[in-house]
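# Summary of the model geometry
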Amino acid sequence: MEPILKVQNLSMDFGGLRALNDLDLDVISGEIVALIGPNGAGKTTFFNCITGIYPPTEGDILITPPGKKTKRINGIKPNKVTERGLARTFQNIRLFPNMTVLENVMIGHHCRMRAGILGAILKDRSTIKEEERVVENSYQILEKIGLSDFVNEFAKNLPYGAQRRLEIARAMATDPFLLLLDEPAAGMNPHETEDLDKLIKQIRDKEGISILLIEHDMKLVMSLSDRIFVVDYGKKIAQGTPAEIKNNKAVIKAYLGEDIDA
Amino acid sequence: MDYFLELFLGGLTRGSIYALIALGYTMVYGIIELINFAHGEIYMIGAFTALIVISVLTMMGMNTLAILVIAGVIAVIYSSAYGYTVEKIAYKPLRNAPRLSALISAIGMSLFLQNYVLLAQTSDFLPFPNLIPDFEFMEPYAHIIGSTDIVIVITTAIVMIILTFLIKFTRIGKAMRATSQDKTMAMLTGVDVDRVISVTFIVGSATAAIGGVLIASHVGMINFYVGFIAGIKAFVAAVLGGIGSIPGAVLGSFVLGWTESFATGYISSDYEDVFAFLILVFILIFRPAGILGRSERHRV
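What this report covers is the structure whose coordinates are included nearby. Counting from 1, residues in each chain are numbered in the order their sequence is written. Throughout, the order in which chains and ligands are written sets their labels, letters from A for the former and numbers from 1 for the latter. Totals for whole chains, interfaces and linings use all residues, but because this is a predicted model, local features are given only for residues with pLDDT of at least 70 and pairs of side-chain atoms are given and counted only at 80 or more. As a convention, hydrogens and water are excluded, and side-chain values are obtained from all of the structure's heavy atoms.

## What about the overall build of chain A?
Starting at the N terminus, helices and strands are each numbered in turn, a helix being any DSSP run of H or I of at least four residues and a strand any DSSP run of E of at least two. Helices and strands together make up the secondary structure of chain A, namely 10 helices and 10 strands. Radius of gyration (C-alpha) of chain A: 19 Å, near the 18 Å computed for a compact globule of 262 residues. Taken along the three principal axes of its C-alpha coordinates, chain A extends 75 × 40 × 35 Å. Each residue's exposure class comes from its accessible area (1.4 Å probe, protein chains only) as a fraction of the maximum for that residue type: buried when under 20%, exposed when over 50%, partly exposed otherwise. When burial is assessed residue by residue, chain A has 52% of its 262 residues classed as buried. Restricting the contact set of chain A to residue pairs at least 6 apart, pairs at least 24 apart contribute 67%. Counted as positive: Lys and Arg. Counted as negative: Asp and Glu. His and the chain ends are not counted at all. Charge positions are represented by NZ for Lys, CZ for Arg, CG for Asp and CD for Glu. Of the side chains in chain A, 34 bear a positive and 36 a negative charge, and the two mean positions are spaced by 5 Å. To get the radius of gyration, use the C-alpha atoms; to get the globule rule, take the number of residues to the power 0.38 and multiply by 2.2 Å. When checking whether two residues touch, look at their non-hydrogen atoms; a contact exists if any pair is within 4.5 Å.

## Observations concerning the nonpolar core
Only buried residues count toward a nonpolar core, which is a set of Ala, Val, Leu, Ile, Met, Phe, Trp, Tyr and Cys residues joined through side-chain atoms within 4.5 Å. Grouped together as the largest cluster of nonpolar side chains are 90 residues, with contacts concentrated most on Tyr43 and Tyr91 of chain B. Of all the elements, helix α1 (residues 2-32) of chain B adds the most residues to this core, at 13 residues. When neighbours within four sequence positions are excluded, tyrosine 43 of chain B is seen to be in contact with Ile21, Ala208, Gly211, Gly212, Ile215, Val226, Gly227 and Ala230 of chain B. Core analysis: the next-biggest nonpolar cluster, separate from the first, contains 44 residues, Ile36, Leu220, Ile228 and Ala238 of chain A among them.

## Comments concerning the interface of chain A and chain B
Taken together, the contact pairs 27 residues of chain A with 24 residues of chain B. Accessible area that two parts lose when put together, evaluated with a 1.4 Å probe and summed over both, is termed the buried area. Summed over both partners, the interface of chain A with chain B buries about 2,500 Å², with 61% contributed by carbon and sulfur atoms. Salt bridge, as applied in this entry: a Lys or Arg side-chain nitrogen positioned within 4 Å of an Asp or Glu carboxyl oxygen. Counting across the chain A and chain B interface gives 4 salt bridges. The partner of lysine 77 of chain A in a salt bridge is aspartate 194 of chain B, with the nearest N and O atoms 3.0 Å apart.

## So, the side chain of glutamine 163 of chain A
Its location among the elements puts glutamine 163 of chain A in helix α6 (residues 160-173). Overall, the relative accessible area of 15% leaves glutamine 163 of chain A in the buried class.

## A short note on the packing of helix α6 (residues 171-181) of chain B against helix α8 (residues 193-219) of chain B
Working note: a packed helix pair is described by the angle between its axes plus the distance between those axes. Residue and element names in this part refer to chain B. For the pair α6 and α8, the least separation of the axes is 10 Å and the interaxial angle reads 105°. By the criterion of interaxial angle, the relationship of α6 to α8 is roughly perpendicular. Note on element contacts: α8 touches α6 through Val193, Arg195, Val196, Val199 and Thr200, opposite Ile172, Ala175, Met176 and Thr179. Geometry is summarised by axes, namely lines fitted to C-alpha atoms with helices restricted to the contacting stretch, and by angles between N-to-C directions that run from 0 to 180 degrees. Throughout this description, any angle smaller than 35 degrees is read as roughly parallel, any larger than 145 degrees as roughly antiparallel, any in the 65 to 115 degree range as roughly perpendicular, and the remainder as oblique.

Below is the structure:
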């Protein structure tokens, strides 16, 4: 099966510091893939390279949206990456705090809309139709994510777990084929994490969106992932199914340090 | 009482003019946190463009009201083009540079545009014809308020309403608000931030040009330096109201307009600027973020 995201020999330098070193990774359609590693391993930098926030120093990022040709997306602007069908969330919540929940999700539709300023002023039929479609679609997404009760609330007034879910809702509104989640369970209590587990599986199964996630909660990672990639100091040290990773010596060493007896 | 009313309405006119210019400062600041010092020059260029168009059309013998409208439209288009270009040349390359670099670039742009107009036109004051006719129904109140003032206040009100609509209800308005709240995230949700910034500059320049045409016909003369003075005053108004906030800029402008008007009327016209800046000092002491401003939070 052709991977929808294929990253080859990716390296990223910040001055003299090599944050990512010759990294390979791929996601196949319909998979949930986890990227794990100790703090500072370069996981978020990896996301930033893929989504166009940093242009990578070396390597290739290739995407194959379903039914379309493979394209190299190194160094294109973040809004173009989103247009091509990759959406992401952040480790620390980055909603638009002074916009309502509905507006936050509507902004996600931005790159899929055509109407310009002229349309907004003239309010011709196609603009009105488009707007209605966007609002309706936004309500549907909020319904799926379980945020229907908060539609007109300002994003900043939402409880923490709901804010995290809203980030996912907004990302889904961009109509992606691959969703990048950066520590979606950070700061959640066990109950919220369980809900998140269900939600992510539901997004994959019902919406057909593949998922690449960074996560520290190992229980969640093991429960969700089809495959896991492990990085340390910007280098890939292991990859495989959850069962393989659990018993991988290099991974245990990276997380727990050298075994004294060994 | 008549005198008070006259000063009150005079302040309202002044405030309206300041508001038209202050909007550009505050919108640009809201989006890219840059104080666009060249904004006053955009206003001045609007006034000059209008003057040139008016001179040509008057020679052709057109109806005055038609001349005013055409001159206004051309001034808006021309100034918007300037605003757009200034952003592309002087600010876009410095998008990721320290804020101070962009600020200095803005001051440079301001000086450049002043001197460009000085060379291309003249350093003398040029008379600007007043094309706004005296309305007949205004006759009984003519000693309190002129028809020019009425036109200024009404135009400003209309511009404000359109702008509020644009920002609150349109797609580009939503993109603007998103960009001002979190630029990176706006990009990642698919907003073309460069385009949003361009539109912001265009809209800001357009309102400044409208201000330029109106105040030039109010005052009756212009030169290359008017943009600097008006720019500084509007900047004060924007800071007074809380820079980055659009209602703040409007409120700040009216506070400044009234302060100047009453100070001139009851004390002495020599102290006009003194009171304008005095109120700025006081407001910044007690509300450093401005009247409606939010105190800035830095993300760690």
